[in-house]
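Residue-level listing of the chains:
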Amino acid sequence: MKILVLNSGSSSQKSALYEILGTLPEHPPTPAWQGKIEWDGDQADIQAQNSQGAQLEARLKVASRSNAIEQMLDTLWNGKVRAVSDPSEIDVVGHRIVHGGKEFEEATVITPQVKSAIARMAVFAPLHNRAELEGIELIEKRLGNLPQVAVFDTGFHSHLPEAAAVYPGPFEWLAQGIRRYGFHGINHQYCAGRAEQLLGRELNSLKLVTCHLGNGCSLAAIRHGRSTDTTMGFTPLDGLMMGTRSGSLDPGILTYLMREENSTGKHLDDLLNTKSGLLGISGISGDMRQIVASMKNGNPRAKLAFEMFVHHLQSGIGAMIAALGGMDALVFTAGIGENSPELRAAACANFRFLGLKLDSAKNVPYSVDQDISLPGSVVRVLIIRAQEDWAIARDCWRLVSVKSSERADAS
Ligand code: AMP
């Protein structure tokens, strides 16, 4: 089965082609092809590579998002890096959909009704859901009537207990859809499955805290394989301090700025999403690599940014442990979680009282998914590489295989 995955971000678009022969492999295979577009105004960098590692790079002026995606997909069947000889070889296309609201818990085959629901949810995540719909429509136009699957970043959190999901504003907010949805669910769920494999224990028996620390950062408290609390909320702005996003702060600051400085919603949105977090505090960068390097060079604002990031992360982990009533394993994933030994050591330092013992010899730059705690540690500490595209491909495989076996049974 050849599965194409489209993963849209607000200023990037990633894509991968997986080829699955026979049964589903236990570990993520290397994609047969990967494409990436990064926008900078109306310019776009299009990169693509196949399993031989060949790389094609182009900096193009593109008319629209779908036009750029079309050019990226062209490299899959037409470029130097092509991985299929004809688009008709693709069996199914999976899409990461950021917001599925309360309606979608599981991956689902895209129908006109599902498309309308994704469009309805765009009021909550306008940049993401609209870009994702464009991707779905582009595939319909270019590849015709093949099955498309939506995998929702909110889905894993759709069973949060009400006490965790409802905001303590007016009760009427709930009917308006103002509640905690949570995001990064595809990766939090994937990490729970990998933790089960790495620990050799039933997921059902585990209390896990997963730390997705990348450009966006969120935690999930996972019990019996389900998300029972998470730090992102109504939007991906809630919770932890991030690269350029503030995370949670006193809402009184916003009403103060509106009252005293006539700040508009658009201005505040921009401030909190793009000029805050590590970047806002350090004045240097939203990238943890540069923060750590500047801190080591003695920059006091980089040091403050790092210490704040750790402080908010530790508070969040503490809250997740309380929601679970304990913690068997702490999982680090995504760009910062996988690659920053400094951050992992600092985050773990205040949890020694729980019997968490990090193995400093293993807490080095990431290579493979592994346990980096000492043998006597009561709490295991795991590094797990984020594999969102593979998690989406797996869901596509399961859904399409079930549908074809149902068809075979019926005939
Ligand atoms: P992601 O969103 O998962 O792709 O993560 C991207 C972020 O990971 C970057 O903005 C960096 O802050 C961070 N990152 C990547 N590599 C490293 C590294 N070696 N050390 C610290 N942070 C890193």
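Residues numbered from 1 in each chain as written. Predicted model: local features only at pLDDT ≥ 70, side-chain atom pairs only at ≥ 80, totals over all residues. Heavy atoms only, no water.

Visitor: Explain the overall build of the protein chain to me, please; I cannot follow it from the model alone.
Guide: When helices and strands are counted, the protein chain shows 14 helices and 14 strands. Its C-alpha atoms give the protein chain a radius of gyration of 22 Å, within 12% of the compact-globule value 22 Å for 411 residues. Along the first, second and third principal axes, the C-alpha set of the protein chain runs to 60 × 55 × 50 Å. The 411 residues of the protein chain split such that 50% are buried. (Helix = DSSP H or I, 4+ residues; strand = E, 2+ residues; numbered from the N terminus. Rg over C-alpha atoms; globule rule 2.2 N^0.38 Å. Buried < 20%, exposed > 50% of the residue type's maximum accessible area, 1.4 Å probe, protein only.)

Visitor: It is not clear to me how helix α6 (residues 185-199) should be interpreted in this structure. Could you clarify?
Guide: The α-helix winds at 3.6 residues per turn, so residues separated by three or four positions along the chain end up facing the same way. Between its first and last C-alpha, α6 extends 21 Å over 15 residues, near the 21 Å set by a 1.5 Å rise per residue. All of the buried residues in α6 are G185, I186, N187, H188, Y190, C191, A192, R194, A195 and L199. Count one or two residues on from α6 and you reach G200, which has phi positive near 65°. (Expected span 1.5 Å × (residues − 1).)

Visitor: For this particular structure, what's the right way to read the sheet that holds strand β2 (residues 12-19)?
Guide: For sheets, the rule is that strands pair by backbone hydrogen bonds, running either parallel or antiparallel. Taken in spatial order, the eight strands of this open sheet run β5-β4-β3-β2-β1-β6-β8-β7, and their pairing is mixed. Because the sheet does not close on itself, it has two edges, and the strands there are β5 (55-61) and β7 (108-109). Contacting β1 (2-8), β2, β3 (33-40), β4 (43-50) and β5, helix α1 (residues 65-77) runs over the sheet at an angle of about 150° to β3. (Pairing = 2+ DSSP bridges. Contact = heavy atoms within 4.5 Å. Axes fitted to C-alpha atoms, helices over the stretch in contact; angles between N-to-C directions.)

Visitor: Explain the site of the ligand here, please?
Guide: As a structural note, the neighbourhood of the ligand is formed by G214, N215, D287, M288, R289, A334, G335, I336, N339 and S340. Here N215 contributes a side-chain N or O atom positioned 2.9 Å from an oxygen atom of the ligand. Within the contact set of the ligand, an oxygen atom lies 3.3 Å away from a side-chain nitrogen or oxygen of D287. Look at the ligand: alone it shows 510 Å² of surface, and the protein chains cover 72% of it. If you list the elements that add at least two residues to the shell around the ligand, you get α10 (288-296) and α12 (334-339). Considering each element in turn, the shell around the ligand owes the most residues, four residues, to α12. Per-class residue counts for the shell around the ligand are three nonpolar, five polar and two charged. (Near = heavy atom within 4 Å. Polar contact = N/O pair within 3.5 Å; in protein donor to acceptor, adjacent residues only side chain to side chain. Areas by Shrake-Rupley, 256 points an atom, 1.4 Å probe, with all protein chains shown as cover. Nonpolar A, V, L, I, M, F, W, Y, C, P; charged D, E, K, R; others polar.)

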